Protein chains: 2
Amino acid sequence: MNYSPLQKARYEYQPKLPLILQNDINNIEVCYGNATQSVADQDKIKEMFPNTYGMKTISFKKGSSKAKKDGQVVGVILSGGQAPGGHNVITGLYDALKKSNPNNVLLGFKGGPSGLLDDDYIEFTDEFINEYRNTGGFDIIGSGRTKLETVEQFKVVAEVAKKHSLNAIVIIGGDDSNTNAAVLAEYMAATNSGVQVIGCPKTIDGDLKNDVIEVSFGFDTACKTYSELIGNIERDANSAKKYWHFIKVMGRSASHIALECALECQPNICLVGEEVEAKNQSMMDIVKYIADVVEARSAKGLNYGVAIVPEGLIEFIPEVKVLIAEINELLAVHEKDYAVLGTWEDQFNFVISNLTSNSAAVFKNLPVDIQHQLLMDRDPHGNVQVSRIETEKLLITMVAKELKDRGSKAKFSALNHFFGYEGRCAFPSNFDADYCYSLGYNAFLLISNGLTGYMSTVTNLSAGPSNWEAGGIPITKMMNLERRHGEFKPVIRKALVELDGKPFKYFEAHRKEWAENTCFTFPGAIQYYGPAEVCDITTRTLAIEQGN
Amino acid sequence: MNYSPLQKARYEYQPKLPLILQNDINNIEVCYGNATQSVADQDKIKEMFPNTYGMKTISFKKGSSKAKKDGQVVGVILSGGQAPGGHNVITGLYDALKKSNPNNVLLGFKGGPSGLLDDDYIEFTDEFINEYRNTGGFDIIGSGRTKLETVEQFKVVAEVAKKHSLNAIVIIGGDDSNTNAAVLAEYMAATNSGVQVIGCPKTIDGDLKNDVIEVSFGFDTACKTYSELIGNIERDANSAKKYWHFIKVMGRSASHIALECALECQPNICLVGEEVEAKNQSMMDIVKYIADVVEARSAKGLNYGVAIVPEGLIEFIPEVKVLIAEINELLAVHEKDYAVLGTWEDQFNFVISNLTSNSAAVFKNLPVDIQHQLLMDRDPHGNVQVSRIETEKLLITMVAKELKDRGSKAKFSALNHFFGYEGRCAFPSNFDADYCYSLGYNAFLLISNGLTGYMSTVTNLSAGPSNWEAGGIPITKMMNLERRHGEFKPVIRKALVELDGKPFKYFEAHRKEWAENTCFTFPGAIQYYGPAEVCDITTRTLAIEQGN
């Protein structure tokens, strides 16, 4: 590897910790708060987690630590998609562990949960870990999407843990991974394995979020990276004054990223999947809304603009959701009949004749490109890969047609973009660097105090690190029952954009003005140095939620 | 407009000037160097520019200025595509002009050259111009693509100039715009209009470049922005270890951007259009090269990678170049016959049956998506819009097919990206902010010293602003004759990537290592603050050329 100047400089950055964690590690005392309840389905979840349900919230105060300082052997895994700051969770964990006792050991299991099953690991050393401080990516140990959820897997994990004398496992992941962390914690407790399990809240999508997880890590950096690009494109649109730019951003289940980018950049249009679903908006409702904005701007001589589209939008549109489900079913059931069809015409006719009449009509109305994408790109489970559907192109085509059908005189020349992978491995912003380091540092304190089934939490995040509060929350507290694969499972409730939440309300109150006028904001590239108001900016969503 | 924290902070940035320009403007004396010759076709170009050919190179030294300080009324236009730093050219010009005498006037003609023809302008004031200091975009006065090239247009410009008592016009543009600036300068001199014309070298593509224009402005910032994203994607690839990313970057005629990004990021593959053309590489040659790299990496267990593809690549591939020319011709001649064809099958057969057999074979071999793009997206002149051809997708499809045909066991799952508009309006890097401000400041000194037909130059650019040299070079010096629209025209020679130049040689010497191993470099976001080695990085191409 060849180090860029920024990478070298970032090695020198010392992440900021909450005030309480800045104390000598021997002077941090654990405080037990109230016992907790799950957010719903309390009885059922209590039954499923007899050993780890109802535990108390944890915070810290200055005092005499009763934690176990030595003999700590901890394993850590990264789970799921990359998010900026993952490396800092590990460096924070490592630093706290080594400060506690230099003989403590941190093992990194490689390639995600499968590393734990395959016993594929490295032992962290100063020399190795220093190469990853304050850098993006998950390449320190890699990540993976294997799910740890069966008892068979748990048994293997217990064996691996026993082999290495692990007393704790830290799982850095999203809602699913943390759900599984809780189940694993319960298993380890139930079997008296002596292995604790602690989770850390990761996901750029921002949908692991509740009253104690103010934001998942990586969301800030990813959104700032997308917003840099969106702002640059806004400035381009405002200079050239001839293009509409349709920008798709990551975020499948929830539109937090799209909303945050809108709050940062003030584009002319931002679609929010949760609103589309709540209002039962059809594809044509959306197309008409966009066409109205295009016409309103054009009437003012503004034949350009920027629209943000969340990746998952298409699944929120009722009739498309049905269409996709029908196609998935159809191609799975008739896989062989379909495979022998030689021409596009044959494929098209086959599909049309096997869909319900409603879905057939929806399908016929789609541009040919999108029809192809719906039929061609199957994932290993036979489902359409939603992220590969070029929703942004679809909207452009349909808006152009709508304007033509209206006989509109608005000029509409549009370009499309998709930002996703660009933001997942950026150097973490100072916010994410500090937040992640604190999460990891804090995770060790939970471990050394003998806790299990907790998520590491750092709160009061919009107020600056010295005002941050560190602690832990039982993962079961965030759970409810949801139906998955035909049975009720205890899961962490996924946080969607709340239409009555302050961030959406702010957007809603301003979007008409942003649509008809040009109120673009150009955030520019993430700054790691310079004036605090430039390099320590809080995520807008958080700032609005917390009233800053 | 709502100002981002970075935008506010950048207002405070004071761009650095070459040492000589830091002197009191009254103490800067012009020095005349050697008389110049055009780079080729000297006799013919001398004949075409009787008043502005053979002028001397200009530099400055500390001494007593003989420049005209007052009564200066200067017009400025931005021409062509956006490039970071354009605003700073104007602020530098403005500051020098006002320092010379506060009553001097700077007019900005709006929307590019057409603003000059339509007399659509604003007069700059401190209050207005301060909002644009050190910002990206061309929205200060807008830009446009109208070409100023006919005598009729020149007459209109002369009238507008007379109306405003303009004594000079500054044209900020690329090679074509500066060619036209030279022709306009000649016209103004020949007609004794008293109007001087000065050019400034703009283009993110980097193809306005020669022994005196070390780099055009905007190239540095645009490439750093793309490299930020490419580096992030490299880190993602290196973390997930499951995708090949094919990244198309802007640069149609020349592959400077692709090469610079490769030098900054060390990807596994970077294609260079000039090499493809020089070696007469066919599409299959390229596909096989990529497939070889995919297989070589796969053999080492590396089923991922990053490939950079210049936007204009497809036009450099001999058989595709012929195919595109044939299709352009075919659809222009048979426009009506083609328009009535209702189905894709009919269109396909019509095209196939009217192409030469070679081109028909090439066309048949292309994926359906690309066939569509070649036939559907016509520009107003009936030509295919090359930038809209998804070359990166084409390569993915063809490489996948090649690997299948080989019976290869290499895993090849690929994603595509296109970076272009994201970089054209970024906040200029410190380098571009300083360079552009200096170009503009310097342009005023050329004007006040009575010069015309010059391009503003700042050289020795890899050595830091205090070592930069300011001056001017007759635009005719850069010219040669090229055949355009059936006649020989004097034009600034477009600078392509030189295959025997140091940057390409460096790339060539390393690419095998970069291909087979993982030597990714992660430049991260442009930094405007912080350690000098982070925020004042020279463009790699320049550094290598100048041996730094």
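Just so it is clear, the model here is predicted, and its values are computed rather than measured.

Caption draft 1: Molecular detail of the packing of aromatic side chains. Counted according to the given criterion, the structure contains 38 aromatic pairs over all chains. Measuring from centroid to centroid gives 6.1 Å for B:Trp344 and B:Phe348, while their planes differ by 55°, and the two rings are tilted. Of the two residues, B:Trp344 and B:Phe348 are both situated in helix α15 (residues 344-354); the distance of 4 residues between them amounts to about one turn of the helix. Ring geometry for B:Tyr435 and B:Trp468: centres 6.3 Å apart, planes at 80°, overall edge-to-face. You can see B:Tyr435 sitting in helix α20 (residues 430-448) and its partner B:Trp468 sitting in the loop between β12 (454-459) and β13 (469-474), a full 33 residues away along the chain. The same class applies to B:Tyr435 and to B:Trp468, which are both buried. In this structure, A:Arg10 packs its charged tip against the face of A:Tyr13, placed 4.3 Å from the ring centre.

Caption draft 2: Here's a closer look at the interface of chain B and chain A. Contacts between the two partners involve 64 residues from chain B, matched on the other side by 64 residues from chain A. Both sides together, the interface formed by chain B and chain A hides about 4,900 Å², and carbon and sulfur atoms give 52% of it. Between A:Glu390 and B:Lys393 there is a salt bridge whose closest N-O contact spans 3.1 Å. The tally of links between chain B and chain A comes to 30 residue pairs in polar contact (both at pLDDT 80 or more). At the level of elements, α1 (5-11), α8 (219-240), β11 (414-419), α19 (421-424) and α22 (532-535) of chain B are the ones that each hand at least two residues to the side of chain B that touches chain A. For the side of chain B that touches chain A, the element with the most residues is α8(B), which contributes 10 residues. Partitioning the side of chain B that touches chain A into residue classes produces 29 nonpolar, 22 polar and 13 charged.

Caption draft 3: A negative patch on the surface, seen in detail. On the surface, A:Glu345, A:Asp346, B:Glu345 and B:Asp346 cluster together into a negatively charged patch. Relative to the elements of secondary structure, A:Glu345 occurs in helix α15 (residues 344-354). Among the residues examined, A:Glu345 registers a relative accessible area of 44% and is labelled partly exposed.

Caption draft 4: Structural context of the pairing of strand β6 (residues 168-173) of chain B. Residue and element names in this part refer to chain B. In terms of residue burial, β6 counts as a mostly covered element, since 6 of its 6 residues are buried. With burial as the criterion, each face of β6 is covered, one bearing Ala168, Val170 and Ile172 and the other bearing Ile169, Ile171 and Gly173. Relative to β6, strand β3 (residues 73-78) runs parallel, the two being bridged by 5 bridges. By the bridge assignment, Leu78 is partnered in β6 with Ile172. Where β6 and strand β7 (residues 196-201) come together, 6 bridges link them in parallel fashion. In the strand pairing of β7, Ile169 is matched with Val197. With helix α7 (residues 175-190) bridging β6 and the parallel β7, this β-α-β connection has right-handed handedness.

Caption draft 5: Region of interest: the sheet that holds strand β9 (residues 269-270) of chain B. Residues and elements named next belong to chain B. Spatial ordering of the open sheet is given by β9-β10-β8-β11, a layout of 4 strands whose pairing is parallel. The sheet is open, and its two edges are formed by β9 and β11, each paired on a single side. By the bridge criterion, 6 bridges tie strand β8 (residues 244-249) to strand β10 (residues 305-310) in an arrangement that is parallel. Its bridge partner lying in β10, His245 is registered against Val306.

Caption draft 6: Expanded view of the domain arrangement of chain A. Per the domain assignment, the segments of chain A are domain 1 (22-218 + 428-484), domain 2 (219-311 + 389-424 + 500-545) and domain 3 (328-386). Computed over C-alpha atoms only, the centres of domain 1 of chain A and domain 3 of chain A are separated by 43 Å.

Caption draft 7: Quick peek at helix α9 (residues 256-265) of chain A. Residue and element names in this part refer to chain A. Buried residues dominate α9, accounting for 10 of its 10 residues. Within α9, the full set of buried residues consists of His256, Ile257, Ala258, Leu259, Glu260, Cys261, Ala262, Leu263, Glu264 and Cys265. Buried positions along α9 lie against α8 (219-240), β8 (244-249), β9 (269-270), β10 (305-310), α21 (502-516) and α23 (540-545). A positive phi of about 50° marks Gln266, the residue just after α9.

Caption draft 8: Geometry of unusual backbone geometry. Phi at A:Asp119 takes a positive value of approximately 55°, unusual for a residue other than glycine. Among the secondary structure elements, A:Asp119 is positioned in the loop between α4 (113-117) and β5 (121-123).

Caption draft 9: Looking closely at the relation of the copies chain B and chain A. You can overlay chain B on chain A at an RMSD of 0.0 Å; the transform is a turn of 180° with a shift of 0.0 Å along its axis. Viewed as a symmetry operation, the transformation between the two copies matches a two-fold axis. Comparing contact sets, 100% of the residues at the interface of chain B also lie at the interface in chain A, consistent with an isologous, same-surface contact.

Caption draft 10: Structural detail: the pattern of salt bridges. Residues and elements named next belong to chain B. Counting across every chain of the model gives 56 salt bridges over all chains. The salt bridge partner of Arg133 is Asp95, with a shortest N-O separation of 2.9 Å. Taken together, the residues span a long stretch of sequence, with Arg133 in the loop between α5 (126-130) and α6 (151-164) and Asp95 in helix α3 (residues 86-100) at a distance of 38 residues. Of the charged contacts in the structure, one is a salt bridge between Lys147 and Asp176, with a shortest N-O distance of 3.3 Å. With Lys147 in the loop between α5 and α6 and Asp176 in helix α7, this residue pair connects regions lying 29 residues apart in the sequence. For Asp176, a relative accessible area of 29% gives the class partly exposed.

Caption draft 11: Highlighting the UniProt feature "site: Important for catalytic activity" (unreviewed entry) in chain A. Residues and elements named next belong to chain A. Under the local residue numbering, the UniProt record ascribes the feature "site: Important for catalytic activity" (unreviewed entry) to Lys202. Here Lys202 shows up in the loop between β7 (196-201) and α8. Sequence-distant contacts of Lys202, defined by excluding residues within four places in its chain, comprise Ser79, Gly80, Gly81, Ala83, Phe138, Ile172, Gly173, Gly174, Leu208, Ser216 and Phe217. Within the structure, Lys202 has its side chain in polar contact with the backbone oxygen of Ser79 (distance 2.7 Å).

Caption draft 12: Examining the state of the cysteines more closely. Residues and elements named next belong to chain A. Following the criterion strictly, the structure yields 0 disulfides over all chains and no others. A disulfide-free cysteine, Cys270 has its sulfur positioned 8.0 Å from the sulfur of Cys261, the nearest such atom. On the basis of relative accessibility, which here comes to 3%, the residue Cys270 falls in the buried class.

Caption draft 13: Quick peek at the packing of α15(B) against helix α16 (residues 357-365) of chain B. Residues and elements named next belong to chain B. The contact between α15 and α16 brings their axes to 8 Å, and the two run at 150°. The angle between α15 and α16 falls in the class roughly antiparallel. Contacts from Phe348, Val351 and Ile352 in α15 reach Ala360, Phe363 and Lys364 in α16. Residues belonging to the contact of α15 with α16 are distributed by class as follows: 5 nonpolar, no polar and 1 charged.

Criteria and thresholds
Residues numbered from 1 in each chain as written. Chains lettered and ligands numbered in written order. Predicted model: local features only at pLDDT ≥ 70, side-chain atom pairs only at ≥ 80, totals over all residues. Heavy atoms only, no water. Phe/Tyr/Trp six-rings, centres within 6.5 Å; stacked < 30°, edge-to-face > 60°. Helix = DSSP H or I, 4+ residues; strand = E, 2+ residues; numbered from the N terminus. Buried < 20%, exposed > 50% of the residue type's maximum accessible area, 1.4 Å probe, protein only. Lys NZ or Arg CZ within 6 Å of the ring centre and 35° of its normal. Contact = heavy atoms within 4.5 Å. Buried area = accessible area lost by both parts, 1.4 Å probe. Salt bridge = Lys/Arg side-chain N within 4 Å of Asp/Glu carboxyl O. Polar contact = N/O pair within 3.5 Å; in protein donor to acceptor, adjacent residues only side chain to side chain. Nonpolar A, V, L, I, M, F, W, Y, C, P; charged D, E, K, R; others polar. Patch = residues over 30% accessible without salt bridge, like charges linked within 9 Å, V, L, I, M, F, W, Y side chains within 5 Å. Areas by Shrake-Rupley, 256 points an atom, 1.4 Å probe, with all protein chains shown as cover. Lys, Arg positive; Asp, Glu negative; His and termini not counted. Charge placed at Lys NZ, Arg CZ, Asp CG, Glu CD. Pairing = 2+ DSSP bridges. Right-handed = clockwise from strand over helix to strand, strands pointing away. Domains from an automatic or database assignment. Least-squares fit on C-alpha atoms with pLDDT ≥ 70 in both. UniProt positions renumbered as here; feature names shortened; annotations may be inferred. Disulfide = S-S within 2.5 Å. Axes fitted to C-alpha atoms, helices over the stretch in contact; angles between N-to-C directions. Parallel < 35°, antiparallel > 145°, perpendicular 65-115°, else oblique.

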